[in-house]
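Structural overview for review
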Amino acid sequence: MRPLDDGSRDWTEPGIYSVAPGVYRVPMPLPGNGLRAVNAYVLAEGDSLTLIDSGWALDDAKVRLGSALAAIGASPSDIRRFLITHVHRDHYSLAVAMRREHGTPVALGSGERAALAAVSQPGRVPLADQLSLLGKAGAAPVVDALVATFGSLPPQDWGLWEQPDRWLTPGQIRTPGGRHLDVVHTPGHTAGHVVFDDSAEGLLFTGDHVLPHITPSVGLHAAPVPLPLRDYLASLRLLLSRPDRRMLPAHGPVSPSVHARVEELLSHHERRFDEIADLVAGGAHTAYDVACRLRWTRRERTLGDLDPFHQALAVLEVAAHLDVLAARETLHATDDAEGGREPVHRFTLA
């Protein structure tokens, strides 16, 4: 009998935890990341296992997964399919590595085709697209700090980014063990993000789309899209139109209600829209200007308090909000060249 996932332990504590009949949560290692761990979910049906998200392709992750499965009398060779919520390496790459070893098929949302094509290019420079977006946001100091911090890093390990065996589209799928899941397309965090709805058990595997403690970034698309925040908000509202479920997120503990957290996230973003519009009215006309005036994280930090990577995330989040406000015609956007750099997006009240 495995421990029930009743919230009595820190959610990152290694092990395997029973969520529902035949459903287990396995916290996988996420070194060097403030999120601390990523959850893989095991669907156990007889001698057949399906994993929703896999973790990062690290030796420690393979050992931890093997130990967790052994505790329920199984092994990695019993995994019949990986269902992946999105293409980020902490969700996708261990599945690719284990497919090489065991031949296990991997399925991924079809909306991730462009991102996967981008990240699998040999020699691709990390954050290349984000550097351009930051330049347009007027964040030259952040660009310079990122280049100084990451400029000496080698290109990404493009060998991790193999094609899936199956591209998932919205609709019902059946796991090898006979469980029925609805695939729901929820773009925003990535263009092809999907969540998996187990209506029989009242569970929603939310990936990074709905998280219990943070709002996921929308600015790190490998293949940038025009209005990722608009897509994200529409995806949240889509979940509100569906029956409520227990929330099984990729980062954080299991929570009793998807709808409750979605309502919090929608309210947060509307408050942020109001804050940002007020700052533009007060003279902050670029995403960087606005980001410098906002407070970040629950600790109310300034932009300068953050490391260069999180400064970049913050500016890109503001840029996404500004773009939606311009699409709503609350703000007016113009391009203005600055000192020989690429044009900077400037915003004023409409």
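Residue numbers run consecutively from 1 along every chain, following the written order of its sequence. Under the rules for a predicted model, residues below a pLDDT of 70 receive no local features and side-chain atom pairs below 80 are neither given nor counted, while totals for whole chains, interfaces and linings still include all residues. Remark: hydrogens and water are excluded; side-chain values derive from all non-hydrogen atoms of the structure.

Observations concerning the pattern of salt bridges
Here is the rule we go by: The term salt bridge refers to a side-chain nitrogen of Lys or Arg lying within 4 Å of a carboxyl oxygen of Asp or Glu. Helix and strand labels come from DSSP, where a helix needs a run of H or I of at least four residues and a strand needs a run of E of at least two; each type is numbered from the N terminus. Exposure is judged per residue with a 1.4 Å probe applied to protein chains only, and the accessible area is read against the type maximum: over 50% gives exposed, under 20% gives buried, and values in between give partly exposed.
Enumeration over the complete set of coordinates arrives at 13 salt bridges. Across the pair R36 and D10 runs a salt bridge whose closest N-O atoms are separated by 2.8 Å. Taken together, the residues R36 in the loop between β2 (23–29) and β3 (37–45) and D10 in the segment before β1 (17–20) connect sequence positions 26 residues apart. Residue classification places D10 among the partly exposed residues on the basis of a relative accessible area of 38%. Salt bridges sharing common partners tie together R99, R100, E162 and D165.

Let's talk about the sheet that holds β2
Let me state the cut-off plainly: The rule for pairing is simple: two strands pair if DSSP sees at least two bridges between them. Axes here refer to lines fitted to C-alpha atoms; in helices the fit is confined to the stretch in contact. Angles between the N-to-C directions go from 0 to 180 degrees.
Strand order in the open sheet formed by seven strands is β1-β2-β3-β4-β5-β6-β7, and the pairing between neighbours is mixed. Of all the strands in the sheet, the pair left with one neighbour each is β1 and β7 (166–168). Along the sheet, successive strands turn relative to each other by an average axial angle of 30°, direction set aside. In the sheet, strand β6 (residues 106–109) pairs with β7 via three bridges, with the strands oriented parallel. Looking at the pairing, G109 lines up with L168 of β7.

Quick notes on the sheet that holds strand β11 (residues 203–207)
The pairing of strands in a sheet comes from backbone hydrogen bonds and takes either a parallel or an antiparallel form. The five strands are arranged β8-β9-β10-β11-β12 in an open sheet whose pairing can be described as mixed. Strand pairing shows two members of the sheet lacking a second neighbour, β8 (171–174) and β12 (246–249), which therefore form its edges. Put simply, the sheet's adjacent strands are angled 30° from each other on average, direction ignored. Note that β8 and strand β9 (residues 180–185) share four bridges and pair antiparallel. In the sheet register, G171 faces β9, and the bridge partner there is V183.

Regarding the nonpolar core
Convention followed: Side-chain atoms within 4.5 Å are what join buried Ala, Val, Leu, Ile, Met, Phe, Trp, Tyr and Cys residues into a set we call a nonpolar core. What makes two residues a contact is simply this: any of their non-hydrogen atoms within 4.5 Å.
Judged by nonpolar contacts, the single largest core of 48 residues is most densely connected at L134, V315 and V318. When contributions to this core are tallied by element, the ones reaching two or more residues are α5 (140–150), α6 (228–240), α7 (258–281), α8 (287–293) and α9 (308–327). Among the elements that line this core, the one with the most residues is α9, at 10 residues. Residues within four places of L134 in sequence aside, it is in contact with A139, V142, V143, L146, A312, V315 and L316. Core analysis: the next-biggest nonpolar cluster, separate from the first, contains 34 residues, V26, A74, M98 and L108 among them.

A look at empty space enclosed by the protein
What counts here: Of the grid points, spaced at 1 Å and generated over the protein atoms alone, those admitting a 1.4 Å probe that cannot get out make up cavities, while open sets with protein on both sides within 12 Å along at least five of seven lines make up pockets; any residue with an atom within 4 Å of a point is treated as lining. Grid points are joined across faces, edges and corners, and a volume is the space filled by probe spheres set on the points. Think of it as three bins: nonpolar holds Ala, Val, Leu, Ile, Met, Phe, Trp, Tyr, Cys and Pro, charged holds Asp, Glu, Lys and Arg, and polar takes everything else, Gly as well.
Inspection of every chain in the model, using the stated rule, returns two cavities of 30 Å³ or more. Its volume calculated, the largest cavity comes out at about 50 Å³. Every residue along the wall of the largest cavity is listed here: D197, L204, L239, R242, P243, D244, R245, V258 and H259. Each residue belonging to the lining of the largest cavity can be placed in one class, and the counts come to four nonpolar, one polar and four charged. Of the pockets and cavities examined, the second largest cavity occupies roughly 30 Å³. What lines the second largest cavity is N39, Y41, I52, D53, T85, F205, T206, G207, L248, P249 and A250. Sorting elements by how many residues they give to the lining of the second largest cavity places β11 first, with three residues.

Here's the deal with the pairing of β9
Once β8 ends, the chain turns through five residues before running back antiparallel as β9, passing G178 with a positive phi of about 100°. Bridging between β9 and strand β10 (residues 194–198) involves four bridges; their strand directions are antiparallel. Across the sheet, residue V183 finds its bridge partner in β10, namely F196.

Brief notes about the packing of aromatic side chains
Selection criterion: Pairing of aromatic rings covers Phe, Tyr and the six-membered ring of Trp, with a centre-to-centre limit of 6.5 Å; geometry is then stacked below 30 degrees between planes, edge-to-face above 60, and tilted otherwise. The criterion is that NZ of a Lys, or CZ of an Arg, lies within 6 Å of the ring centre and within 35 degrees of the ring normal, and then a charge sits over that ring.
Within the structure shown, the criterion is met by two aromatic pairs. For the ring pair Y41 and F205, a centre distance of 5.4 Å and an interplane angle of 70° mean the geometry is edge-to-face. Pair noted here: Y41 is in strand β3 and F205 is in strand β11, with a separation of 164 residues, a long-range link. Here the two residues Y41 and F205 agree in accessibility, since each one is buried. The cationic tip of R328 hangs over the ring face of F273; the distance from NZ or CZ to the ring centre is 4.3 Å.

A short note on the environment of L233
As for its placement among the helices and strands, L233 is situated in helix α6. Exposure remark for L233: the relative accessible area of 2% places this residue in the buried category. Setting aside its immediate chain neighbours within four residues, L233 contacts L266, H269, F273 and R328.

Things to note about the layout of surface pockets
Of the voids in this model, the second largest pocket is the one considered here, and its volume is about 320 Å³. Forming the walls of the second largest pocket are 19 residues, and the residues nearest its centre are L133, V225, P226, A319 and D323. Secondary-structure elements contributing two or more residues to the lining of the second largest pocket are α4 (128–136), α9 and β14 (344–349). Considering every element that reaches the lining of the second largest pocket, the biggest residue donor is α9, with five residues. Residues belonging to the lining of the second largest pocket are distributed by class as follows: 13 nonpolar, four polar and two charged.

Any functional reading would require information that these geometric values do not contain.
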